[in-house]
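Overview (structure and organization)
Letter by letter, the chains look like this.
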Amino acid sequence: MENVQAIKQRFEIIGNDPKLNRAIEKAIQVAPTDISVLITGESGVGKENMPRIIHALSHRKHGKYIAVNCGAIPEGTIDSELFGHEKGAFTGATSTREGYFEVADGGTIFLDEVGELPLTTQVRLLRVLENGEFIKVGSSQVQKTNVRIVAATNVNMFEAIEKGKFREDLYYRLSTVEIMLPPLRERKDDIHLLFRKFSSDFAHKYKMPPIKLDDDAVQLLLRYRWSGNIRQLRNIAEQISVLETTREISLATLRSYLPEEGTNLPAVVRDKKPESDFSNEREILYKVLFDMKSDLNDLKKLTMELMQNGNTSKVQESNKGLIQRIYGNPAEENGHSFEDRPSAVIPSPKITHAEPVIEHHLDDEDDDDDNYLFAETVEEEETLRLDEKEIELIKKALERNKGKRKAAADELGISERTLYRKIKQYDL
Ligand SMILES: Nc1ncnc2c1ncn2[C@@H]1O[C@H](COP(=O)(O)OP(=O)(O)OP(=O)(O)O)[C@@H](O)[C@H]1O
């Protein structure tokens, strides 16, 4: 059997914490079986590594590995994404499409954020788990697939079950074996190790000497809560690497990069966020401007296409997502919207040596950007500035809400799914 150290090296996993080692050991043990595995742990703890290990060490390693972010797929399209659809199943279904469960036959599917699956999809998933059967949307024909399922969640599944948001039977089917990844704050010995690794990576990337923390800064690093876990630590290391001119980082400097630790006090004192939390007019204006700018750019794209090609079905087809977003789609209200996909297949660059991976596109429309002449430098700069503002807005909202995505999304006036997409898009 592969040993833990070798796996850490192969998958570039840093850390020596016993709970991390145990998690990797479990992944190695279950890999050769077809047992369903549920990975649990807070956001940013490194859950995505586990299914990659399991797949790579399994007899399915030459089969496909598809990672799907269930939290990022619009509810109206999720069944079609996972199980496929028949031509004519709904408006926009112009041809038959294979879903991930069909494509991944003989391989592994990683269902990240599985707790976000709608109940109707949970029923379909249960059927796949029980007897390997599924039915395409709009079809009556039962199909078979042989897929190993690894799922992950950062929500408390028992709470979700209690609230009726997740089926208990599905939970038990998914979690034959559970692998728990500890939060970073419980891996004290790994924090500085990870920071040094990221500092060295960013020094290499940005071609400058690595940053180094002085002793007091190290103490703060170890004391800090790291509610965003390794993802947050990595971002902080990157920011400091890029923005600081001196390479020796003091306590004060490090502190200036760390969002205020959420003491419980303000949360207890205010049961509802005061309006002023998001009432900075400039922020609101940036947000409105950003939305308008995106719509305008999208409309320009569409106009250009129409001018070049006329209102052909090809134009409509290639701009389906855009047309739907700007003008709405009556089908969506019926839960049969097809577009805005493929939105949530997580890229897995580290595993490309073994098998094909379906690439993800956060935003279909953006793919054609290069074709449009109107994208002048000035506009690009504006868009960039707006992107920065959007990132700033999201970061602030997350900080204010102590990393709680639901609350941050509410504050920003966007859906949790959209926020999730943005976090992935900007790697926040
Ligand atoms: N042990 C590790 N060593 C080095 N980098 C790591 C380690 N664990 C995680 N990372 C990095 O931390 C980031 C977050 O990891 P990952 O996306 O797997 O978290 P997650 O638990 O799946 O989060 P979420 O629930 O939000 O999807 C990634 O950039 C990943 O490469």
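Described in the following lines is the structure provided in the data block.

Cut-off values and rules
Residues numbered from 1 in each chain as written. Predicted model: local features only at pLDDT ≥ 70, side-chain atom pairs only at ≥ 80, totals over all residues. Heavy atoms only, no water. Near = heavy atom within 4 Å. Polar contact = N/O pair within 3.5 Å; in protein donor to acceptor, adjacent residues only side chain to side chain. Helix = DSSP H or I, 4+ residues; strand = E, 2+ residues; numbered from the N terminus. Buried < 20%, exposed > 50% of the residue type's maximum accessible area, 1.4 Å probe, protein only. Pairing = 2+ DSSP bridges. Phe/Tyr/Trp six-rings, centres within 6.5 Å; stacked < 30°, edge-to-face > 60°. Lys NZ or Arg CZ within 6 Å of the ring centre and 35° of its normal.

1. Here we look at the site of the ligand
Residues in contact with the ligand amount to 20 residues; listed here are only the nearest, I14, S43, G44, K47 and R231. The separation between an oxygen atom of the ligand and a polar side-chain atom of S43 is 2.5 Å. Between the ligand and the protein, one listed contact pairs an oxygen atom with a backbone N or O atom of G46 at 3.1 Å. Sorting the residues of the shell around the ligand by element identifies α9 (188-206), α11 (229-243) and α20 (416-425) as the ones contributing at least two each. Tallying contributions element by element places α11 first for the shell around the ligand, with three residues.

2. What about the pairing of strand β8 (residues 148-153)?
Extensive coverage of β8 is indicated by the burial of six of its six residues. In β8, alternate side chains face the same way, and those of R148, V150 and A152 on one face and I149, A151 and T153 on the other are all buried. Looking at chain direction, strand β1 (residues 37-40) and β8 are connected through four bridges and run parallel. When the sheet's bridge partners are listed, V37 is paired in β8 with V150. Taken together, the four bridges between strand β5 (residues 108-112) and β8 define a ladder with parallel strand orientation. Following the sheet pairing, F110 is matched in β8 by V150.

3. Describing unusual backbone geometry
With a phi close to 55°, E113 is a non-glycine residue in the positive phi region. Here E113 is to be found in the loop between β5 and α6 (119-131). Exposure remark for E113: the relative accessible area of 5% places this residue in the buried category. Despite not being glycine, W226 shows a phi value in the positive range, around 50°. The topology assignment puts W226 in the loop between α10 (215-223) and α11. For W226, a relative accessible area of 0% gives the class buried.

4. Side note on the environment of R255
With respect to the element layout, R255 can be found in helix α12 (residues 251-257). Distance from R255 to Y224, taken between C-alpha atoms, is 9.6 Å for residues 31 residues apart in sequence.

5. Quick look at the packing of aromatic side chains
Applying the stated criterion across every chain, the model contains six aromatic pairs. Here the aromatic rings of F83 and F101 are separated by 5.2 Å at their centres, their planes lie at 5°, and the arrangement is stacked. Of the two residues, F83 is situated in helix α4 (residues 75-83) and F101 in helix α5 (residues 100-103); the sequence distance between them amounts to 18 residues. Here the two residues F83 and F101 agree in accessibility, since each one is buried. Consider the rings of Y224 and W226, whose centres lie 4.7 Å apart with planes at 75°: the pair is edge-to-face. For the pair formed by Y224 and W226, the shared burial category is buried. Connected via pairs of aromatic rings, a cluster forms that spans F83, F101 and F134. Looking at R234, its charged tip hangs above the ring of F198, at a distance of 5.9 Å from the centre.

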